[in-house]
Amino acid sequence: DAGVIQSPRHEVTEMGQEVTLRCKPISGHDYLFWYRQTMMRGLELLIYFNNNVPIDDSGMPEDRFSAKMPNASFSTLKIQPSEPRDSAVYFCASSLGTSGRETQYFGPGTRLLVL
Amino acid sequence: AQSVTQPDIHITVSEGASLELRCNYSYGATPYLFWYVQSPGQGLQLLLKYFSGDTLVQGIKGFEAEFKRSQSSFNLRKPSVHWSDAAEYFCAVGRTSYDKVIFGPGTSLSVIP
């Protein structure tokens, strides 16, 4: 398996622009997670899905952030409008089964810079 | 609420020396415990995990961790560090029937040749 795939790997944009991050989980995995990593706040869970349904979005920082999972093999995280403080590395991860005990498989991340 | 602390933000060791990274958790029952490693520019990768049974767990890359219930700890060890072990290490805790895993703040490991 190719593992979790994220695109783009790097994104540089200007404040106010819309940013869309993409993720393809490992085939057969029923959980998908979006994380954000910064030096100041570490690794933060933004939202996660189970069988394409959003379960917990309490980590989404504000309404500018939205995430969708239209099917089992694709998810997006959108920021509109983007702000400099959104600059971070965004990771997608997937797992099979209840993730409290299952291994999460992380993608390589998208490094976002908002100018 | 469950939480994870990693007291050491940064550790530097010489190549060939032994390593111990500390992790403490707060949770009422026996948790599921994980150690992940993040190499520079990469995503996180599972090193090992503990669910139950033998409290000494073996993982990949020669790492092991020991669960100590009395100390609420799950420290990661390696007898001889290699330069390629330089990375960020995250301890994480999960629990039954709960989807989220809580990650600690991470410990950055530097290895001196």
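The rules behind each value
- Residues numbered from 1 in each chain as written.
- Chains lettered and ligands numbered in written order.
- Predicted model: local features only at pLDDT ≥ 70, side-chain atom pairs only at ≥ 80, totals over all residues.
- Heavy atoms only, no water.
- Helix = DSSP H or I, 4+ residues; strand = E, 2+ residues; numbered from the N terminus.
- Buried < 20%, exposed > 50% of the residue type's maximum accessible area, 1.4 Å probe, protein only.
- Areas by Shrake-Rupley, 256 points an atom, 1.4 Å probe, with all protein chains shown as cover.
- Patch = residues over 30% accessible without salt bridge, like charges linked within 9 Å, V, L, I, M, F, W, Y side chains within 5 Å.
- Salt bridge = Lys/Arg side-chain N within 4 Å of Asp/Glu carboxyl O.
- Disulfide = S-S within 2.5 Å.
- Core = buried A, V, L, I, M, F, W, Y, C linked by side-chain atoms within 4.5 Å.
- Contact = heavy atoms within 4.5 Å.
- Pairing = 2+ DSSP bridges.
- Axes fitted to C-alpha atoms, helices over the stretch in contact; angles between N-to-C directions.

Draft legend 1. Region of interest: the overall build of chain A. Looking only at helices and strands, chain A features 0 helices and 11 strands. Overall, chain A is about 40 × 30 × 25 Å in size when its C-alpha atoms are taken along their principal axes. Across the 115 residues of chain A, 50% fall into the buried class. In the form shown here, chain A has an accessible surface area of approximately 5,600 Å², with 50% of it arising from carbon and sulfur atoms.

Draft legend 2. Inspection of a nonpolar patch on the surface at higher detail. A cluster of nonpolar side chains, namely Val12, Leu113 and Leu115 of chain A, defines an oily patch on the protein surface of about 290 Å² accessible area. Of the residues examined, Val12 of chain A reaches a relative accessible area of 55% and is grouped as exposed.

Draft legend 3. Expanded view of the state of the cysteines. Residue and element names in this part refer to chain A. Enumeration according to the criterion identifies 2 disulfides over all chains in this entry. The partner cysteine of Cys23 in its disulfide is Cys92, sulfur to sulfur 1.8 Å. Across the S-S bond linking Cys23 and Cys92, the dihedral sits near -65°, which makes this disulfide left-handed. Taken together, the positions of Cys23 in strand β3 (residues 19-24) and Cys92 in strand β9 (residues 88-95) put the pair 69 residues apart, joining distant regions of the chain.

Draft legend 4. The arrangement of the environment of Ser14 of chain B in detail. One can find Ser14 of chain B in strand β2 (residues 10-14). When the C-alpha positions of Ser14 of chain B and Phe51 of chain B are compared, they lie 32 Å apart, and in sequence the two are 37 residues distant.

Draft legend 5. Summary view of the nonpolar core. Ranked by size, the top nonpolar core spans 26 residues in total, and within it Leu19, Trp35, Leu47, Leu48, Phe74, Leu76 and Tyr89 of chain B carry the most contacts. Sorting the residues of this core by element identifies β2, β3 (19-21), β5 (32-38), β6 (44-50), β8 (64-68), β9 (73-78), β10 (87-95) and β12 (107-112) of chain B as the ones contributing at least two each. Broken down by element, this core gets its largest block of residues, 4 residues, from β10 of chain B. Setting aside residues up to four positions removed in sequence, Phe74 of chain B forms contacts with Cys23, Leu33, Phe34, Trp35, Leu48, Tyr50, Ala65, Glu66 and Phe67 of chain B. Membership of the second largest hydrophobic core comes to 21 residues, among which are Val4, Ile26, Ile47 and Val114 of chain A.

Draft legend 6. How the structure looks around the sheet that holds strand β1 (residues 5-7) of chain A. Residue and element names in this part refer to chain A. Spatial strand order, β1-β3-β8-β7: 4 strands in an open sheet with antiparallel pairing. Of all strands in the sheet, those bounded by a partner on one side alone are β1 and β7 (65-71). Taking the axes of each pair of neighbouring strands and ignoring which way they run, one obtains an average angle of 15° across the sheet. Pairing of β7 with strand β8 (residues 74-79), which is carried by 5 bridges, proceeds in the antiparallel orientation. Following the sheet pairing, Ala67 is matched in β8 by Leu77.

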